[in-house]
Amino acid sequence: MHPVAPPFLPKALRSRIARTQQRYAHGKPRPLLGYLALSTTYSVGALTLGIIARRRGEGRITTRDLLLITVATHRLSRTLAKDAVTSPMRAAFTRYTGPGLPSEVNEEVAPDREHEQLGHAVGELVSCPFCLAQWCATALVAGQLIAPTVTRHITSTFTAVAGADVLHFAYSALERAEKKAQEET
């Protein structure tokens, strides 16, 4: 990855940023400036949502809400990062590498994005449910504080889907166990 610092910065600072990126990356594509841009975007967004929530002062988070948000965050982040149906939203930054778990796909950063700071960082973010979880949780918590009724509907829906996923996997495991038992007899 060719380290690129914003051209509006002084030459000495751009040079220092380039050296830091090269030293950190060891020749691997590590988009530090892209990560910085995403971290800044996240921080500004979270701060803005916090200010709005404080001014509106409508919602609060109960233990029940936190449980719903936790399970909904898991399901929403997997839906955004792994579901085949949401792949068009990731396609500009990722490349399909094959099937994943049931109803999921595996993707990696698109080769044409590997040498772009922001494109590479976004590709990593949108294809990683662990990475997206923080963004999803922040949005759901802010939603709970700003528009609690609507957010409870959303978190309840994603929590129900997560529960259904568990039941689908349990049912499949029972089917496999039954088939194996029949084959052994």
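Further up the page is the structure itself.
Residues numbered from 1 in each chain as written. Predicted model: local features only at pLDDT ≥ 70, side-chain atom pairs only at ≥ 80, totals over all residues. Heavy atoms only, no water.

*Asks:* Can you help me understand the pattern of salt bridges in this one?
*Replies:* Where charged atoms of side chains with opposite charge meet at close range, the side chains can pair. One pass over the structure, following the stated rule, counts 8 salt bridges. Linking Asp65 and Arg152 is a salt bridge whose minimum nitrogen-to-oxygen distance equals 2.8 Å. In this pair, Asp65 sits in helix H3 (residues 63-82) while Arg152 sits in helix H7 (residues 148-184), placing the two residues 87 residues apart along the sequence. A relative accessible area of 2% places Asp65 in the buried class. Overlapping salt bridges, with partners in common, bring together Arg75, Asp83 and Asp165 in one network. (Salt bridge = Lys/Arg side-chain N within 4 Å of Asp/Glu carboxyl O. Helix = DSSP H or I, 4+ residues; strand = E, 2+ residues; numbered from the N terminus. Buried < 20%, exposed > 50% of the residue type's maximum accessible area, 1.4 Å probe, protein only.)

*Asks:* Could you clarify how one ought to interpret unusual backbone geometry in this entry?
*Replies:* With the exception of glycine, most residues fall at negative phi, and the peptide bonds are largely trans. Phi is positive for Ser103, close to 65°, though the residue is something other than glycine. Note on placement: Ser103 falls in the loop between strand E1 (94-99) and strand E2 (105-109).

*Asks:* Can you walk me through the nonpolar core in this structure?
*Replies:* Counting 7 residues, the largest nonpolar core is built from Leu38, Ala81, Ala121, Val122, Leu125, Val126 and Leu132. In terms of residues, this core owes the most to one element, helix H5 (residues 117-126), which gives 4 residues. Filtering out sequence-adjacent residues up to four positions away, Ala121 remains in contact with Pro31, Gly34, Tyr35 and Leu38. Ranked by size, the runner-up nonpolar core spans 5 residues in total, among them Ala72, Leu76, Cys136 and Leu140. (Core = buried A, V, L, I, M, F, W, Y, C linked by side-chain atoms within 4.5 Å. Contact = heavy atoms within 4.5 Å.)

*Asks:* Can you help me understand the environment of Ala92 in this one?
*Replies:* With respect to the helices and strands, the residue Ala92 is situated in the loop between helix H4 (87-90) and E1. Taking the relative accessible area as the measure of exposure, Ala92 reaches 44% and is therefore partly exposed. The spatial distance from the C-alpha of Ala92 to the C-alpha of Gly119 is 8.6 Å, given a sequence separation of 27 residues.

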